[in-house]
Structures are given as structure tokens and as C-alpha cells.
Amino acid sequence: DAGVTQSPTHLIKTRGQQVTLRCSPKSGHDTVSWYQQALGQGPQFIFQYYEEEERQRGNFPDRFSGHQFPNYSSELNVNALLLGDSALYLCASTRYGQGQGAQHFGDGTRLSIL
Amino acid sequence: QQQVKQSPQSLIVQKGGISIINCAYENTAFDYFPWYQQFPGKGPALLIAIRPDVSEKKEGRFTISFNKSAKQFSLHIMDSQPGDSATYFCAASSGGYQKVTFGIGTKLQVIP
């Protein structure tokens, strides 16, 4: 049973570019959340998708956007990249209504901005 | 605004000792308090969690103590082992939402 998978594992971009990160949820899960983890910090909630709609959003600018597909996989898009966007981006999945604590995290995409 | 404050940020414990990590929260709407363990190169994994109607929860060598009036909770790792060396995050969420607010993390090193 595959867990949460994220791609790519590492990515290097330059300032001003755009990036797309991908996430496939754990089998049986239909809700995907994205987190940003800066070096030496805890993960920070970006947004959550369920039924192909953004349901909740953290304190992130509109440069951060997402999408969920009918197969429950999800993408995180970041436009006009800044040096401060360098971080580990984590995807977490769960089954809607399964309650807190049921989130499973992927191993993340390490994004470096030059 | 740091809604979940965690200390210490680093901790060195001898094998067999007790590791203690403390957290405090501000938002009284929080009603679920998980602890996550993260190894280098891996995503966080749920370790143990507690709700505010319980003052203590124990799972194996891991115990959460919860003080609702003080808005504080802590993780105790008994008989700490080198394999426990990882970064530990306390966290909180509310209302059944799966948005989780994390602490800054504690890097634990257990030395033989």
C-alpha cells in the first residue's frame, strides 16, 4: 500500500520563475493539504483541497495556488519565486471526516531558489 | 504569530534517560494536540496525540502530559534510545479541521 508520494524530490529554480510540485495521496484518501517547512522550522499550513476545491488556506500570498484532480492527486504552484520560498514542501493526505491525527505526510520536495 | 511555543530547540540525552519536551499554546479553540517525529530526509510521522479532556496519555515509552488550565503540554520519552534521535514537533488543531499548527521543533540526540 503506497503512502503519500511527492515529486520531484529536489528542485532548483531561480528568482522570478514558476514551479509546480505534485502529490499523490495515500490509497483511500481524498483530502490533500500542503505545508511549507523552512530550514530549522516547523511545517506551516499553506492550504487544503477536498472535492477539487480549496477548503482552507493559511497565511500565504496568492503566488501560492493549487489544484486537485478527480483522482485526488494535487499540485502546488508557486509563481514569481523569491529566495524566501526555499524550503521543504510537504503534502499530507487523509480521508475526509476521518478526524484529526489521520494525516499521512509524504517525504516532501526540497525547493532551492538561486 | 507563533501559536504553539516549543522548548527546548535542542536536547541531548544519554541512552536510558528521560527526554522531556515542552509546549504551550494560546488559542483555547485548539482541541487536538499531536506530536510528530521527523527523521532527516523524511516527512513528519504522527507519534502520539491527546485531547484536552485527558490529562495524560501513554503509548509504550512515550507519554503526553496535558495541563488545560495552564495551556501547556509535554512529551516524555522514557528509556531514550539512540534510534529516538530525531526532530520532534508538538502541534495543535481545532474543530475537526486538519490544518495543523506546528511548534518550531526540538532536535533530540540520544548518545550511547
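Look above for the structure.
So, a few notes on the structure that sits alongside this text. (Residues numbered from 1 in each chain as written. Chains lettered and ligands numbered in written order. Predicted model: local features only at pLDDT ≥ 70, side-chain atom pairs only at ≥ 80, totals over all residues. Heavy atoms only, no water.)

**Comments concerning the packing of aromatic side chains**
Residue and element names in this part refer to chain A. Scanning the model with the defined rule gives 19 aromatic pairs over all chains in all. Ring centres 4.0 Å apart and planes at 10° place the aromatic pair Y50 and Y96 in the stacked group. Placement of the pair is Y50 in strand β5 (residues 44–50) and Y96 in the loop between β9 (87–94) and β10 (104–105), with a sequence separation of 46 residues. (Phe/Tyr/Trp six-rings, centres within 6.5 Å; stacked < 30°, edge-to-face > 60°. Helix = DSSP H or I, 4+ residues; strand = E, 2+ residues; numbered from the N terminus.)

**A few points about the pairing of β5(A)**
All names here are of chain A. Among the 7 residues in β5, 6 count as buried, and that is most of the element. Taken together, the 6 bridges between strand β4 (residues 31–37) and β5 define a ladder with antiparallel strand orientation. From the neighbouring strand, T31 faces β5, where its bridge partner is Y50. Linking β4 to β5, which pair antiparallel, is a turn of 6 residues; within it G40 sits at a positive phi near 75°. Where β5 lies against strand β6 (residues 53–57), 4 bridges are found, and the strand directions are antiparallel. Bridging across to β6, Y49 finds its partner in E54. What sits between β5 and β6 in their antiparallel hairpin is a turn of 2 residues, with E51 showing a positive phi close to 50°. (Buried < 20%, exposed > 50% of the residue type's maximum accessible area, 1.4 Å probe, protein only. Pairing = 2+ DSSP bridges.)

**Observations concerning the state of the cysteines**
All names here are of chain A. Scanning the entire structure with this criterion turns up 2 disulfides over all chains. Disulfide pairing places C23 opposite C91 at an S-S distance of 1.8 Å. With the S-S dihedral at roughly -60°, the linkage between C23 and C91 falls on the left-handed side. Here C23, found in strand β3 (residues 19–24), pairs with C91, found in strand β9; they are 68 residues apart in sequence, far enough to count as distant. You'll find C23 and C91 in the same group, each marked buried. (Disulfide = S-S within 2.5 Å.)

**Quick look at the interface of chain B and chain A**
The partner chain A presents 22 residues to the 22 residues of chain B that form the contact. Between chain B and chain A the total buried area reaches about 1,700 Å² when both faces are included, carbon and sulfur atoms providing 49% of it. Note that K42(B) is salt-bridged to D107(A), the shortest N-O span being 3.6 Å. Here chain B and chain A share 3 residue pairs in polar contact (both at pLDDT 80 or more) between them. Each residue belonging to the side of chain B that touches chain A can be placed in one class, and the counts come to 9 nonpolar, 9 polar and 4 charged. (Contact = heavy atoms within 4.5 Å. Buried area = accessible area lost by both parts, 1.4 Å probe. Salt bridge = Lys/Arg side-chain N within 4 Å of Asp/Glu carboxyl O. Polar contact = N/O pair within 3.5 Å; in protein donor to acceptor, adjacent residues only side chain to side chain. Nonpolar A, V, L, I, M, F, W, Y, C, P; charged D, E, K, R; others polar.)

**A few points about the nonpolar core**
F33(B), W35(B), I48(B), F73(B), L75(B), Y88(B) and L108(B) are the most contacted members of the largest nonpolar core, which totals 24 residues. At the level of secondary structure, the elements contributing two or more residues to this core comprise β2 (10–14), β3 (19–25), β4 (33–38), β5 (45–50), β7 (62–67), β8 (72–77), β9 (86–92) and β11 (106–111) of chain B. With 4 residues, β9(B) is the single largest residue contributor to this core. Within the second largest apolar cluster, 19 residues are counted, among which are V19(A), L21(A), W34(A) and C91(A). (Core = buried A, V, L, I, M, F, W, Y, C linked by side-chain atoms within 4.5 Å.)

**Structural notes on the pattern of salt bridges**
Here the idea is simple: oppositely charged side chains can pair when their charged atoms come close. Residues and elements named next belong to chain B. Counting across every chain of the model gives 8 salt bridges over all chains. In this structure, K57 engages E59 in a salt bridge whose closest nitrogen and oxygen atoms are separated by 3.6 Å. Under the relative-accessibility criterion, K57 is labelled partly exposed at 32%. Close ionic contact of D84 with R61 constitutes a salt bridge, the shortest N to O distance being 2.8 Å. Residue D84 is found in the loop between β8 and β9, and its partner R61 is found in the loop between β6 (56–59) and β7; the two are separated by 23 residues along the sequence.

**What to know about unusual backbone geometry**
In the segment running from S7(A) into P8(A), the intervening peptide bond is cis, with an omega of -10°. Structurally, P8(A) can be placed in the loop between β1 (5–7) and β2 (10–13). Cis peptide bonds are those with omega within 30 degrees of zero, and the linkage from S7(B) to P8(B) qualifies with -5°. Although it is not a glycine, E52(A) adopts a positive phi angle of roughly 65°. The backbone of A80(A) shows a phi angle near 45°, a positive value even though the residue is not glycine. In this structure, A80(A) sits in the loop between β8 (74–78) and β9. For A80(A), a relative accessible area of 39% translates into the label partly exposed.

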